[in-house]
Amino acid sequence: MGIREDILVLGLTAGVMGALVGGLMLALGLGMVTQGAHAGWVLVIPAAPLAGWIGKILAKKLVKRLDAEKRI
């Protein structure tokens, strides 16, 4: 019964990866916007959805792996 551990690792991994990618995009984009480059909004606007998308992809990989191991 390793499902609890797998879900915990999924949550931690998705949180860390989402924060790193989304935070980096947000920081770079806002830095560009404050310097007057309006192209920075291209990084700022999709930062949060992209961070969530990473978690969704990781969850799909976990479900596929657990299904292959016949654990769900």
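As the structure is a prediction and not an experimental result, all values here were calculated from the model.

Structural notes on the overall build of the chain
When helices and strands are counted, the chain shows three helices and zero strands. If you list the helices and strands of the chain from N to C, you get α-α-α. Relative to its length of 72 residues, the chain is extended, with a C-alpha radius of gyration of 16 Å against a globular reference of 11 Å. Along the first, second and third principal axes, the C-alpha set of the chain runs to 55 × 15 × 10 Å. Per-residue burial for the chain yields a buried fraction of 22% across its 72 residues. Relative to all contacts within the chain whose residues are 6 or more apart in sequence, the contacts with residues 24 or more apart total 54%. Surface accessibility of the chain: about 5200 Å² in total, with carbon and sulfur atoms responsible for 74%.

Focus on unusual backbone geometry
The backbone phi angle of K70 is positive, close to 60 degrees, even though this residue is not glycine. Position of K70 among the secondary structure elements: in the segment after α3 (47-68). Judged by its relative accessible area of 70%, K70 falls in the exposed class.

With respect to the UniProt feature "transmembrane region" (unreviewed entry) in the chain
Within this structure's numbering, the places UniProt gives as "transmembrane region" (unreviewed entry) are residues 7-33 and 39-59. As annotated, residues 7-33 has a helix share of 100% and a strand share of 0%, and its two end C-alpha atoms lie 38 Å apart. Taken end to end, residues 39-59 is 81% helix and 0% strand, and its two terminal C-alpha atoms sit 32 Å from one another.

Some words on the pattern of salt bridges
With the rule as written, the count across this model stands at four salt bridges. Between D6 and R65 there is a salt bridge, and its shortest N-O distance comes to 3.6 Å. Linking D6 in helix α1 (residues 3-34) with R65 in helix α3, this pair joins segments that are 59 residues apart in sequence. In this structure, the salt-bridge partner of R65 is E69, at a minimum N-O distance of 3.6 Å. In this structure R65 comes out as partly exposed when scored by relative accessible area, which is 37%. Overlapping salt bridges, with partners in common, bring together D6, R65, E69 and R71 in one network.

A look at the environment of L62
By the secondary structure assignment, L62 is in helix α3. Judged by relative accessible area, which is 11%, L62 ranks as buried. Counting along the chain gives 45 residues from L62 to M17, while the straight-line C-alpha distance between them is 15 Å. Aside from chain neighbours lying at most four places away, what touches L62 is D6 and L10.

Criteria and cut-off values
Residues numbered from 1 in each chain as written. Predicted model: local features only at pLDDT ≥ 70, side-chain atom pairs only at ≥ 80, totals over all residues. Heavy atoms only, no water. Helix = DSSP H or I, 4+ residues; strand = E, 2+ residues; numbered from the N terminus. Rg over C-alpha atoms; globule rule 2.2 N^0.38 Å. Buried < 20%, exposed > 50% of the residue type's maximum accessible area, 1.4 Å probe, protein only. Contact = heavy atoms within 4.5 Å. Areas by Shrake-Rupley, 256 points an atom, 1.4 Å probe, with all protein chains shown as cover. UniProt positions renumbered as here; feature names shortened; annotations may be inferred. Salt bridge = Lys/Arg side-chain N within 4 Å of Asp/Glu carboxyl O.

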